[in-house]
Amino acid sequence: MPYYQTWEEFARAAEKLYLTDPMKVRVALKYRHCDGNICMKVTDDAVCLQYKTDQAQDVKKIEKLHGKLMRLMVSKESHSGAMETD
Amino acid sequence: CPSLESEYDCSFLTELTRLFQKCRTTGSVVITLKKYDGRTKPVPRKGHPETYEPADNKCLFRASDGKTKISTVVRKQHSVTRMCERERVCVCVCV
C-alpha cells in the first residue's frame, strides 16, 4: 500500500475517511525506537492510508491527529463537522 | 468484539508506559484505535444478535509489542487528554 509523501494530504484524507464511516475506520500507530521511525495507518479495510516518518516535527503532527481522531470517536455523532487543517 | 475491555483507568497508562520502555532497543509498539459501539459479543451468522447497551461515544484503545497486549475503553474527553499526554511522553523517548 502506498505511503503519502506530504503530511497535509495524508491528514486531510485520513479525517475524510474517518468521517465517511466512523464505525468502519481503525487507526494504527507503529513506533520503532530502534529504527527511530513512526508509521500511521488509517483504514476502513477498503482504502488504506499510510504515512511514515523519522522527523521529530512530524511526530507532533501525528500525535495531534491521533488525539483528534480519538476525540471524534469519543464525542457524540452529532458533531459540528468543522475540520481544522494543521 | 471485546469481551472484557476494561474501562479506562490509571493503571492502563502505567502499563502503556511499560510497553514503550520494553521496546526501546528492539521491536515495535503498535497502538490501535477504533470507535466502539458497545457490543460485547460478535454478531452471529444465524439467529439473533445479543442485546447490548449501544454506545456512540466510546473507543477501543489497544497497544501491543507483539507479545503483550493491553487494551481499554475510552469514553471521556479528559481520558483522551491524559492518554495523549502519556503518548507524548512515551514517544519523546522513542524518536
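Since the structure is predicted, the reported quantities are computational estimates derived from the model, not experimental observations.

Check the secondary structure of chain B and you find two helices and three strands. In sequence order, the secondary structure elements of chain B are arranged as α-β-β-β-α. Classification of the 95 residues of chain B by burial places 40% in the buried group. Only carbon and sulfur atoms are counted for the fraction: they give 51% of the accessible area of chain B, which is about 5,700 Å².

For the rest of this paragraph, the subject is the UniProt feature "domain: SRP9" (unreviewed entry) in chain A. Under the UniProt annotation, "domain: SRP9" (unreviewed entry) lies at residues 5–73 of chain A. Helix and strand shares over residues 5–73 of chain A are 46% and 29% respectively, and the end C-alpha atoms of the span are 26 Å apart.

Attention now goes to helix α1 (residues 7–20) of chain A. For α1(A), spanning 14 residues, the distance from its first C-alpha to its last is 20 Å, which sits close to the expected 20 Å at 1.5 Å a residue. Residues of α1(A) that are buried: A:W7, A:F10, A:A11, A:A13, A:A14, A:E15, A:L17 and A:Y18. Close packing links the buried residues of α1(A) with β2 (37–43), β3 (48–53) and α2 (56–74) of chain A together with β1 (29–36) of chain B.

It is common to report an interface's size as the accessible area lost on association of the parts. Facing the 35 residues of chain B at the interface are 28 residues of chain A. Interface area, chain B with chain A, both sides summed: about 2,800 Å², of which 61% is carbon and sulfur. Linking chain B to chain A there are one salt bridge. Here A:E63 and B:R88 are joined by a salt bridge, their closest N and O atoms 3.6 Å apart. The interface formed by chain B and chain A contains 10 residue pairs in polar contact (both at pLDDT 80 or more). Broken down by element, the side of chain B that touches chain A gets its largest block of residues, 10 residues, from helix α2 (residues 77–94) of chain B. Considered class by class, the residues forming the side of chain B that touches chain A number 17 nonpolar, eight polar and 10 charged. Bridging between strand β1 (residues 26–32) of chain A and β1(B) involves six bridges; their strand directions are antiparallel. Within the sheet, the bridge partner assigned to A:L29 lies in β1(B) and is B:I31.

This part is about the packing of α1(A) against α2(A). All names here are of chain A. Viewed as axis vectors pointing N to C, α1 and α2 meet at an angle of 10°, and their least axial separation amounts to 11 Å. Compared by their axis directions, α1 and α2 come out roughly parallel. Contact residues: W7, E8, F10, A11, A14, E15, Y18 and L19 in α1; K61, I62, L65, K68, L69, L72 and M73 in α2. Along the lines of polarity and charge, the residues of the contact of α1 with α2 split into 11 nonpolar, no polar and four charged.

Now for the packing of aromatic side chains. Considering all chains together, one arrives at six aromatic pairs over all chains under this definition. Where A:Y4 meets A:F10, the ring centres are 5.9 Å apart and the plane angle is 65°; that geometry is what we call edge-to-face. Overall, A:Y4 belongs to the partly exposed group, its relative accessible area being 25%. By relative accessible area, which is 0% here, A:F10 ends up buried. Here B:F12 and B:F61 contribute two aromatic rings whose centre-to-centre distance is 5.7 Å and whose plane-to-plane angle is 90°, an arrangement assigned as edge-to-face. Placement of the pair is B:F12 in helix α1 (residues 10–22) and B:F61 in strand β2 (residues 58–64), with a sequence separation of 49 residues. Per residue, the accessibility class of B:F12 equals that of B:F61, and both read buried. An aromatic cluster is defined as three or more aromatic residues linked by ring pairs; in this entry it consists of A:Y4, A:W7, A:F10 and A:Y51.

Parameters and conventions
- Residues numbered from 1 in each chain as written.
- Chains lettered and ligands numbered in written order.
- Predicted model: local features only at pLDDT ≥ 70, side-chain atom pairs only at ≥ 80, totals over all residues.
- Heavy atoms only, no water.
- Helix = DSSP H or I, 4+ residues; strand = E, 2+ residues; numbered from the N terminus.
- Buried < 20%, exposed > 50% of the residue type's maximum accessible area, 1.4 Å probe, protein only.
- Areas by Shrake-Rupley, 256 points an atom, 1.4 Å probe, with all protein chains shown as cover.
- UniProt positions renumbered as here; feature names shortened; annotations may be inferred.
- Expected span 1.5 Å × (residues − 1).
- Contact = heavy atoms within 4.5 Å.
- Buried area = accessible area lost by both parts, 1.4 Å probe.
- Salt bridge = Lys/Arg side-chain N within 4 Å of Asp/Glu carboxyl O.
- Polar contact = N/O pair within 3.5 Å; in protein donor to acceptor, adjacent residues only side chain to side chain.
- Nonpolar A, V, L, I, M, F, W, Y, C, P; charged D, E, K, R; others polar.
- Pairing = 2+ DSSP bridges.
- Axes fitted to C-alpha atoms, helices over the stretch in contact; angles between N-to-C directions.
- Parallel < 35°, antiparallel > 145°, perpendicular 65-115°, else oblique.
- Phe/Tyr/Trp six-rings, centres within 6.5 Å; stacked < 30°, edge-to-face > 60°.

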